[in-house]
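# Breakdown of the fold
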Amino acid sequence: MPGLSVLIPVYNCDVRALVQALVSQAAAWPGPVELLCFDDASEEPFRKLNREVAALPRVRYHELPHNLGRSAIRNRLAAEAVHPWLLLLDNNVRITSPEFLARYAAALLQVPVIVGGSVYSETPPADVRQHLRWHYGRTREARPATERQQAPYAQFNLKNVLISAAVFRQFPLDETLTQYGHEDTKLGWELHQHAVPVYHMNNPVEHAALEPAEVFLQKSQAAVYNLLQLYQAHGLGAETKLLATGLRLRRLGLAGVALRALRQAEPWLTRKAQQANPSLRSFDLLKLLWLLQAWEPNSENKKPA
């Protein structure tokens, strides 16, 4: 049975429980297993906690002196992996099933890319500031495999993916995307373009560490800029709801009108997105605002070239 390299990019997150859970299941994989935990220049309190995993069997823990970023750290992990299968996991997830690795092992030979999916707690977090991230995850991200398989390359996410090392190294993540978001979306587009089969199964991890709304909004704005950068550089993403709306407004000559209206409404939209029962419609309109601002000539908020 081919070996497995579990790749966990660590950044300002306590990964001890995650790594321990994976170590305890390693025997369920019918072949050699290694866990690579590379810290991407986290703050010292997190490094102090996570150094404990270096003593666990099968674990290779390494601290990088400088932050590489979301794409480069995953490419670095893949380059260091020794086994032909890679399990890519975010560092803020929780293993919910004692059969997590066994389920992946059973599905191994079907296709070169297997997406396990993600779930969120059924109860909202006690901290109201985390409700936007929780509600968005429950509504937009946590979908059963049958639904995801209908559009297997859409919104491709590396939060929980088993992938052939050869395929990942053939299509490394785009390191020019230095901000948050859409580096894995581009990988999904490349897999689609080259007809690499992708199989979705129900083997989820739980997204456990939820950002406060203000942090999630900042990350989402960076992701909008990355999406526009991918469109401008490669023509990718025109089918996404956000870019399709922006392109339609520009085509109709209404982008300026929409931008002025959204700028005026921005404080209200931000409050609606951050309330205890967050409005995802308001959140979507904020993303449209950020997109139109970045597109506007001479805009102070313009990020992509």
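Residues numbered from 1 in each chain as written. Predicted model: local features only at pLDDT ≥ 70, side-chain atom pairs only at ≥ 80, totals over all residues. Heavy atoms only, no water.

## Concerning the sheet that holds strand β2 (residues 33-39)
Strand order in the open sheet made by the 7 strands is β3-β2-β1-β4-β8-β6-β9, with mixed pairing throughout. Either end of the sheet is taken by a strand with one partner, and the two such strands are β3 (59-63) and β9 (198-200). Ignoring which end each strand starts from, the neighbouring axes of this sheet average 20° apart. As defined by bridge partners, β2 adjoins β3 across 5 bridges and the pair is classed as parallel. Pairing of C37 across the sheet is with Y61, part of β3. (Pairing = 2+ DSSP bridges. Helix = DSSP H or I, 4+ residues; strand = E, 2+ residues; numbered from the N terminus. Axes fitted to C-alpha atoms, helices over the stretch in contact; angles between N-to-C directions.)

## Some remarks on the nonpolar core
Ranked by internal contacts, the top residues of the largest apolar core, which has 33 residues, are L4, V19, L22, L87, F100 and L162. At the level of secondary structure, the elements contributing two or more residues to this core comprise β1 (4-10), α1 (16-25), β2, β3, β4 (85-89), β5 (93-95) and α4 (100-106). Apart from residues lying up to four places away in sequence, L4 is in contact with W29, P32, V33, E34, H83, W85, L86, L87, L101 and L162. L228, L243, L285 and L289 belong to the second largest nonpolar core, which has 32 residues in total. (Core = buried A, V, L, I, M, F, W, Y, C linked by side-chain atoms within 4.5 Å. Buried < 20%, exposed > 50% of the residue type's maximum accessible area, 1.4 Å probe, protein only. Contact = heavy atoms within 4.5 Å.)

## Points about the environment of S5
Checked against the element boundaries, S5 lands in strand β1. Relative accessible area serves as the criterion here: at 0%, S5 is assigned to the buried category. Between the C-alpha atoms of S5 and V59, which are 54 residues apart in sequence, the distance is 10.0 Å. Once residues lying within four places of it in the same chain are set aside, the contact partners of S5 are E34, A81, V82, H83, W85, L86 and L87. Reaching out from S5, the side chain makes a polar contact with the side chain of E34 at a distance of 2.5 Å. (Polar contact = N/O pair within 3.5 Å; in protein donor to acceptor, adjacent residues only side chain to side chain.)

## A word on the sheet that holds strand β10 (residues 205-207)
In spatial order, the strands read β5-β10-β7; together these 3 strands make up an open sheet with mixed pairing. Each edge of the sheet is formed by a strand with only one pairing partner; in this case those strands are β5 and β7 (118-119). Across 2 bridges, β7 lies against β10 in parallel orientation. Among the inter-strand pairings, V119 is bridged to a residue of β10, identified as E206.

## A short note on the packing of aromatic side chains
If you walk through the whole model with that rule in mind, you get 5 aromatic pairs. With 5.3 Å between their ring centres and 75° between their planes, F100 and Y104 make a pair best called edge-to-face. Here the residue F100 and the residue Y104 both occupy positions in helix α4, the gap between them amounting to 4 residues, near one helical turn. Y104 shares its class with F100; the two are buried. For the pair Y231 and W295, a centre-to-centre distance of 6.2 Å together with 90° between the ring planes defines the contact as edge-to-face. Of the two residues, Y231 is situated in helix α9 (residues 213-234) and W295 in helix α12 (residues 280-295); the sequence distance between them amounts to 64 residues. Residue classification places Y231 among the partly exposed residues on the basis of a relative accessible area of 25%. Looking at W295, the relative accessible area reads 9%, which means it is buried. Ring pairing ties together the aromatic residues Y136, F216 and F283, which thus form one cluster. Looking at R250, its charged tip hangs above the ring of W295, at a distance of 4.4 Å from the centre. (Phe/Tyr/Trp six-rings, centres within 6.5 Å; stacked < 30°, edge-to-face > 60°. Lys NZ or Arg CZ within 6 Å of the ring centre and 35° of its normal.)

## Quick notes on the packing of helix α5 (residues 131-141) against α12
Relative to each other, α5 and α12 sit at 95°, their axes nearing to 11 Å. Here α5 is positioned roughly perpendicular relative to α12, judged by the angle of their axes. Contacts between α5 and α12 involve L132, H135, Y136, T139 and R140 from the first element and L280, F283, D284 and K287 from the second. Across the contact of α5 with α12, the residue classes break down as 4 nonpolar, 2 polar and 3 charged. (Parallel < 35°, antiparallel > 145°, perpendicular 65-115°, else oblique. Nonpolar A, V, L, I, M, F, W, Y, C, P; charged D, E, K, R; others polar.)

## Re the pattern of salt bridges
Taken as a whole and judged by the stated rule, the model has 20 salt bridges. Residue R47 pairs with D39 through a salt bridge whose shortest N-O separation is 2.9 Å. An identical accessibility class is assigned to R47 and D39; each is buried. The residue E63 makes a salt bridge to R47 at a minimum N-O spacing of 3.2 Å. (Salt bridge = Lys/Arg side-chain N within 4 Å of Asp/Glu carboxyl O.)

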